[in-house]
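# Close look at the chain arrangement
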Amino acid sequence: MLSLYMATIISEPSRTFSEFLLLPNLTGKDCIPDNISLKTPLVKNKRGENSALTLSIPLSSAIMQSVSNHTLAIALARCGGLSFVYQSQPIADQAEMVRKVKNFKAGFVASNSNLKPESNLLDVKELLGRTGHSTMPITQDGSANGKLLGVLTSRDYRLKDMDLGTPVSQIMTPFESLVYAEEGISLREANDLIWEHKLNSLPVIDRSRKLRYLVFRQDYDEHRENPDESIDAEKRLMVGAGVNTRDYRERIPVLLEAGADILCIDSSDGFSDWQRDLLAWVRDEYGEEIRIGAGNVVDGEGFRFLAECGADFVKVGVGGGSICITREQKGIGRGQASAVIDVARARDEYFESTGEYVPICSDGGIVLDYHILLALAMGADFVMMGRYFSRFDESPGKILRIQGNYVQEYWAEGSERARNWQRYYVGGEEALTFEEGVDIYVPYAGKLKDNVNLTLSKIKSAMCNCGVTSIADLQSKARLTVVSSTTIREGGAHDVISKEKDLPPGT
């Protein structure tokens, strides 16, 4: 006799990305890498409207201690992606990381190295040591937006040869001798002035002569090399920040004050009352002004729950990360491919019924570069990766040499090292008593930009084979096939003798 209280069983296998391949479509003459657009929505939008925040490339970095600090956030934003600075640290420290990204010079920059006219060379020395910035606007009140009276640069003084009590008003270049621009000037026009007058920097003021921005020669050169930068309306790099369901009332206001462009709830289980409470609090406090993603979920029911709670995007994936052992420890999760397909279907149904498009982020399960393309073809708008980014110079992990190989530290948020128990909060006061992640090494891979460019070139080439030039086209036209274990073996080098491994010594 069958029990009336039987668990729901999904008979379809839970599949991973490695179990799929893309079939080629007709490659038209317009399907060349230069024509490929990887632009993708980051937050929800109404039918017929554009997303308020977009990414030039569909890549984001995981909310992890070993991945997303300010140095990686800067490097990824410069390539067109986005990092979510990890929340498993004191609120002030996380906010400072956000601040460092927002203050990074990219085009028009708000000055954070300012002095009053009565300041002296001792103040200059202290400010130079604290910020490293040798260009110092002199404003009436010493603020970033005070009335501009002059500019002090390293050409105006020699600390070792001058009296440190000398007021900066005596040695600065006064306003009357400055080349400056007025607010509203374009970046190209500003840089034309820089080149014409052989300047290192150009102050930008408003009609009241109050300082608004500085434009630097070096920034323009770097910007030309990074045309897809993720920047906000003030030309500052964009950055996200993780939050948790415990201290969000204290953490979120500080992160927003620091300049975070978007938040994301960092949790292994997004299908919970705690995320509903957090999202409700955000909407009550800030309305729709604040952008916040939620997750993680693995099916359509979880997606609809978070979409109806007001999430701006939904993160998909439980247990698929390379150093996550949630499935092993608790038997909770789903193959990443199956999860993305199911959630994408629910996302499309939700859009049809409500007219609101809520982007989804595939988080975890990506081993090879082409898995990113598969995630996008299956419906993800962008992906989040940890192991991938942990291998680069800009990530926080130490680079070590072990047995002749260079490796980099990488540890999970659920590991004893990270002790990020808030991410695995399931109610009550008791702390987590077991690990859901491990502490390991990954092969060191060098600079982020070089690796991201290589990954994107593979993705663009494969999109050409699929006969598409955008992610939206890929999602509507891609054809996927399930593969067997034999097919997977056939896909790599096989039935040959490797020059490096298979020949005996001395051959």
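See above for the structure.
So, here is what we can say about the structure in this document.

## Overview of the sheet that holds strand S12 (residues 201-205)
- If you walk across this open sheet you meet the 4 strands as S7-S13-S12-S11, and the pairing is mixed. Of all the strands in the sheet, just strand S7 (108-109) and strand S11 (181-182) have a single pairing partner and so form its edges.
- Pairing of S11 with S12 involves 2 bridges; the strand directions are parallel. For Ala181, the partnering residue across the bridge sits in S12 and is Val204.

## Points about the packing of helix H11 (residues 369-377) against helix H13 (residues 448-465)
- In contact at an axis separation of 9 Å, H11 and H13 are set at 50 degrees when each is read in the N-to-C sense. Relative to H13, the element H11 is oriented oblique. In this structure, H11 meets H13 at a crossing whose hand is right-handed. Facing Asp369, Ile372 and Leu373 of H11, the residues of H13 in contact are Thr455, Lys458, Ile459, Ala462 and Met463.
- Counted by class, the contact of H11 with H13 contains 5 nonpolar, 1 polar and 2 charged residues.

## Observations concerning a nonpolar patch on the surface
- A surface patch of nonpolar side chains, about 350 Å² in accessible area, is lined by Leu21, Val367, Leu368 and Tyr370.
- Within the secondary structure, Leu368 sits in the loop between strand S19 (360-363) and H11.
- Given a relative accessible area of 44%, Leu368 falls into the partly exposed group.

## Topic: the environment of Lys100
- Relative to the helices and strands, Lys100 resides in helix H2 (residues 91-102).
- A sequence separation of 30 residues divides Lys100 from His70, and the C-alpha atoms of the two residues are 6.5 Å apart.
- Beyond its immediate sequence surroundings of up to four residues, Lys100 is in contact with His70 and Ile74.

## So, helix H8 (residues 300-309)
- Most of H8 sits out of view: 7 of its 10 residues are buried.
- When we look at burial in H8, the residues that qualify are Gly300, Gly302, Phe303, Phe305, Leu306, Ala307 and Cys309.
- On the buried face of H8, the contacting elements are helix H7 (273-286), strand S16 (292-297), strand S17 (314-316), helix H10 (336-354) and S19.

## Some points on the packing of helix H1 (residues 70-79) against H13
- One can describe the packing of H1 onto H13 by two numbers: an axis separation of 10 Å at closest approach and a directional angle of 40 degrees. In terms of axis orientation, H1 runs oblique to H13. Every pair of crossing elements has a handedness; the one defined by H1 and H13 is right-handed. Counted together, Leu72, Ala75, Leu76 and Cys79 of H1 and Leu448, Lys449 and Val452 of H13 form the full contact between these two elements.

## Some words on the sheet that holds strand S21 (residues 399-402)
- The strand order across the open sheet formed by 3 strands is S21-S22-S23, and the pairing between neighbours is antiparallel. In this open sheet, the two edge strands, each paired with only one partner strand, are S21 and strand S23 (439-443). On average, each strand axis in the sheet is inclined to that of its neighbour by 45 degrees, with strand direction left out of account.
- Pairing geometry for strand S22 (residues 405-411) and S23, over 5 bridges, is antiparallel. Bridge assignment links Val407 to a residue of S23, and that residue is Pro443.

## Regarding the pattern of salt bridges
- Under the defined criterion, the tally for this structure stands at 25 salt bridges.
- A salt bridge links Asp369 to Lys458; the nearest nitrogen and oxygen atoms lie 3.0 Å apart. With Asp369 in helix H11 and Lys458 in helix H13, the pair connects residues that are 89 residues apart, well separated along the chain.
- The class for Asp369 is buried, based on a relative accessible area of 18%.
- What emerges from the salt-bridge pattern is a single network uniting Lys44, Arg283, Glu288, Arg291 and Asp312.

## Description of the pairing of S16
- In terms of burial, S16 is a largely internal element, 6 of the 6 residues being buried.
- Across 2 bridges, the pairing between strand S15 (residues 262-265) and S16 is parallel. Within the sheet, the bridge partner assigned to Cys264 lies in S16 and is Gly293.
- Note on the crossover from S15 through H7 to S16: the handedness is right-handed.
- Where S16 and S17 come together, 3 bridges link them in parallel fashion. Opposite Gly295, over in S17, you have Lys315 as the bridge partner.
- Handedness of the crossover is the feature at issue here: the chain leaves S16, passes through H8, returns alongside S17, and the resulting connection is right-handed.

## Here we look at the nonpolar core
- One finds Leu42, Leu59, Leu263, Phe303, Phe389, Leu448 and Val452 to be the most contacted residues of the largest nonpolar core, which totals 101 residues.
- Residues contacting Leu59, with those up to four places away along its chain left out, are Leu76, Gly81, Leu82, Ile372, Val383, Met385, Phe389, Val452 and Leu456.
- Grouped together as the second largest cluster of nonpolar side chains are 12 residues, Leu193, Ile194, Val204 and Val215 included.

## Description of the pairing of strand S14 (residues 240-243)
- Of the two faces of S14, the one holding Gly240 and Gly242 and the one holding Ala241 and Val243 are both buried throughout.
- In this structure, strand S6 (residues 82-85) lies alongside S14, joined through 2 bridges in parallel fashion. Each residue of the ladder has a partner; that of Val85, found in S14, is Ala241.
- In the sheet, S14 pairs with S15 via 4 bridges, with the strands oriented parallel.

## Points about the packing of aromatic side chains
- Per the counting criterion, the structure on display carries 11 aromatic pairs.
- Ring geometry for Phe313 and Phe382: centres 5.4 Å apart, planes at 70 degrees, overall edge-to-face. Within this pair, whereas Phe313 is found in the loop between H8 and S17, its partner Phe382 is found in strand S20 (residues 382-385), the two being separated by 69 residues in sequence.
- Judged by its relative accessible area of 0%, Phe313 is buried.
- Judged by relative accessible area, which is 0%, Phe382 ranks as buried.
- Site record: aromatic cluster; members linked through ring pairs are Phe84, Phe313 and Phe382.

Cut-offs and rules
Residues numbered from 1 in each chain as written. Predicted model: local features only at pLDDT ≥ 70, side-chain atom pairs only at ≥ 80, totals over all residues. Heavy atoms only, no water. Pairing = 2+ DSSP bridges. Helix = DSSP H or I, 4+ residues; strand = E, 2+ residues; numbered from the N terminus. Axes fitted to C-alpha atoms, helices over the stretch in contact; angles between N-to-C directions. Parallel < 35°, antiparallel > 145°, perpendicular 65-115°, else oblique. Left-handed = near helix turned anticlockwise from the far one by under 90°. Contact = heavy atoms within 4.5 Å. Nonpolar A, V, L, I, M, F, W, Y, C, P; charged D, E, K, R; others polar. Patch = residues over 30% accessible without salt bridge, like charges linked within 9 Å, V, L, I, M, F, W, Y side chains within 5 Å. Areas by Shrake-Rupley, 256 points an atom, 1.4 Å probe, with all protein chains shown as cover. Salt bridge = Lys/Arg side-chain N within 4 Å of Asp/Glu carboxyl O. Buried < 20%, exposed > 50% of the residue type's maximum accessible area, 1.4 Å probe, protein only. Right-handed = clockwise from strand over helix to strand, strands pointing away. Core = buried A, V, L, I, M, F, W, Y, C linked by side-chain atoms within 4.5 Å. Phe/Tyr/Trp six-rings, centres within 6.5 Å; stacked < 30°, edge-to-face > 60°.

Such coordinate-based values are descriptive only and should not be taken to indicate function.
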